[in-house]
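Descriptive structure summary
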Amino acid sequence: MTHTLTIRRPDDWHLHFRDGVMLEAVVGHTARQFARAIVMPNLTPPVTDVAAGAAYRERILAAVPDGLEFTPLMTCYLTDKTDPEEVRRGFAEGVFTAAKLYPAGATTNSDSGVTDVANIRAVLEVMAEIGMVLCVHGEVTHHAIDIFDREAVFIEQILEPLIADLPDLKVVFEHITSSQGVAFVENASANIAATITPQHLHLNRNAMLVGGMRPHAYCLPVAKREEHRLALVRAATSGSSKFFLGTDSAPHLQSDKESACGCAGIFNAPFALESYLAVFDAENALDKFEGFASEHGPDFYGLPRNEGQITLEKRETEPVPEHFMTSLGPVVPFHAGDRLAWHFAGQLPG
Ligand code: DOR
Ligand code: ZN
């Protein structure tokens, strides 16, 4: 018997589309499954003003395959020099849904990021005033801090003081990877939520390092010990409205991942829902999936939930492809070569 699951159309609250050829190659994978996505601004150069955000949105919309309805929700890349009034205007004009804090040097294209949150205090005040969400890459970057501790240290040194200082600011702690991240969000006010990626629900650090280095399991923040993965699984499947879906799908060419200095990022967009569902099913928590995928995110952002529904089916099919070809070269997806039990079976009209 085929087992099916029908839920309200979901959204992806953290996503990298890139630009140019890569953008065109990846947009359809997300637009097929999701109604909206929060699009990260870490292009080269980054999306730091309203004109760049509006232009990038147009390029994304032009790349959406015919017949798919998809709304990109744009983010403003914060730098030490961001003008608070530019952020206010971008939000008022409906160009920017959120702004993104990358600590300088934390990850891909974060060199122009923020060197000290004190430098964006005036921007954050405006965001708190207008109810605009701050998306946070939560890792300190000091070389003396071990990479596996960078999220926990960020909570203590940056995030706790920040939200104590600006309690009205709405913060999404992006792609949390640790039990400390889970506990922090659970104990914080209703203004604090978190996204959780599929890879951090599936992988611990052994998956990246045992039996050889596995560059396709490498992303930032890096996967941690098993106890942390288990804390994330508990949080995602708990039904708590503080946790919601954000894939952090981050395509890089295979050649850039399989390199002496491999890029961080996992391309999970082609089978994102399937990946999450494997975890929810294993936890006997399929009844919690709709909240995580389709309700908690829009509720936190103050946006309407999507109309319409999608159906997923549990049945035997082909393994995930070893790669997707682009004109720049192959990109390897998350779960390449694996068989996933659940399959996206299409959209039902709203
Ligand atoms: O693994 C990651 N890849 N983490 C990030 O924070 C950025 C992303 C990217 O843009 O490649
Ligand atoms: Zn990201």
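As the structure is a prediction and not an experimental result, all values here were calculated from the model.

Cut-off values and rules
- Residues numbered from 1 in each chain as written.
- Chains lettered and ligands numbered in written order.
- Predicted model: local features only at pLDDT ≥ 70, side-chain atom pairs only at ≥ 80, totals over all residues.
- Heavy atoms only, no water.
- Helix = DSSP H or I, 4+ residues; strand = E, 2+ residues; numbered from the N terminus.
- Expected span 1.5 Å × (residues − 1).
- Bend = angle between axes of the 7 residues up to and from the residue.
- Buried < 20%, exposed > 50% of the residue type's maximum accessible area, 1.4 Å probe, protein only.
- Pairing = 2+ DSSP bridges.
- Right-handed = clockwise from strand over helix to strand, strands pointing away.
- Axes fitted to C-alpha atoms, helices over the stretch in contact; angles between N-to-C directions.
- Parallel < 35°, antiparallel > 145°, perpendicular 65-115°, else oblique.
- Left-handed = near helix turned anticlockwise from the far one by under 90°.
- Contact = heavy atoms within 4.5 Å.
- Near = heavy atom within 4 Å.
- Polar contact = N/O pair within 3.5 Å; in protein donor to acceptor, adjacent residues only side chain to side chain.
- Areas by Shrake-Rupley, 256 points an atom, 1.4 Å probe, with all protein chains shown as cover.
- Nonpolar A, V, L, I, M, F, W, Y, C, P; charged D, E, K, R; others polar.
- Phe/Tyr/Trp six-rings, centres within 6.5 Å; stacked < 30°, edge-to-face > 60°.
- Lys NZ or Arg CZ within 6 Å of the ring centre and 35° of its normal.

**Structural notes on helix α5 (residues 150–165)**
- The end-to-end C-alpha separation of α5 is 22 Å, in line with the 22 Å expected for 16 residues at 1.5 Å each.
- Most pronounced at E156, the bend in α5 amounts to some 40°.
- Those residues of α5 that fall on the buried side of the exposure criterion are R150, E151, A152, V153, F154, I155, L159, L162 and I163.

**Side note on the pairing of strand β5 (residues 96–101)**
- The buried fraction of β5 amounts to 6 of the 6 residues, a majority that puts the element mostly inside the structure.
- Where strand β4 (residues 71–77) meets β5, 4 bridges bridge the pair, whose relative direction is parallel. What sits directly across from Y77, in β5, is K100.
- Note on the crossover from β4 through helix α3 (residues 84–92) to β5: the handedness is right-handed.
- Pairing geometry for β5 and strand β6 (residues 133–136), over 4 bridges, is parallel. Bridge pairing in β6 places K100 opposite C135.
- Traced from β5 through helix α4 (residues 121–130) to β6, the parallel crossover comes out right-handed.

**What to know about the packing of α3 against α4**
- Where α3 meets α4, the axes come as close as 8 Å, and the angle between the chain directions of the two elements is 25°. The orientation of α3 relative to α4 falls into the category roughly parallel. For the pair α3 and α4, the sense of crossing is right-handed. Only A122, V123, V126, M127, E129 and I130 of α4 make contact with α3, whose side of the interface consists of P84, E85, V87, R88 and F91.

**Some words on helix α1 (residues 20–33)**
- Taken as a whole, α1 carries its principal kink of about 30° at V26.
- Of the residues making up α1, those classed as buried are M22, L23, V26, V27, G28, H29, T30, A31 and Q33.

**Let's talk about the site of ligand 1**
- Residues in contact with ligand 1 amount to 14 residues; listed here are only the nearest, R18, N42, T107, L220 and H252.
- Measuring from an oxygen atom of ligand 1, one finds a side-chain N or O atom of H16 at 3.3 Å.
- Within the side chain of T107, an N or O atom sits 3.1 Å from an oxygen atom of ligand 1.
- Relative to its unbound accessible area of 290 Å², ligand 1 is 99% covered by the protein chains.
- Here the shell around ligand 1 is composed, by residue class, of 4 nonpolar, 8 polar and 2 charged.

**A word on the side chain of H16**
- Checked against the element boundaries, H16 lands in the loop between β2 (12–15) and α1.
- A polar contact is formed between the side chain of H16 and the side chain of H14, at a distance of 3.4 Å.
- If we skip the residues at most four places from it in the chain, H16 touches M40, N42, Y102, D248, S249, A250 and P251.

**Here's the deal with the packing of aromatic side chains**
- According to the stated counting rule, one finds 12 aromatic pairs in the structure shown.
- With centroids separated by 6.2 Å and ring planes inclined at 85°, the aromatic side chains of F267 and F324 adopt a geometry described as edge-to-face. A residue pair is termed long-range when its members are at least 10 positions apart, and F267 in the loop between α10 (254–257) and α11 (272–282) and F324 in strand β11 (residues 324–326) qualify at 57 residues.
- Look at F280 and F292: their rings are 5.3 Å apart centre to centre, the planes differ by 45°, and that puts the pair in the tilted class. With F280 in helix α11 and F292 in helix α12 (residues 289–301), this residue pair connects regions lying 12 residues apart in the sequence.
- Looking at F280, the relative accessible area reads 0%, which means it is buried.
- For F292, a relative accessible area of 1% translates into the label buried.
- Clustering of aromatic rings is evident, with ring pairs tying together W13, F244, F300 and Y301.
- Just above the ring of F300 sits the side chain of K170; from NZ or CZ to the centre is 5.3 Å.
- If you follow R205 out to its NZ or CZ, it ends over the ring of F148, 4.6 Å from the centre.

By themselves these figures say nothing about function.
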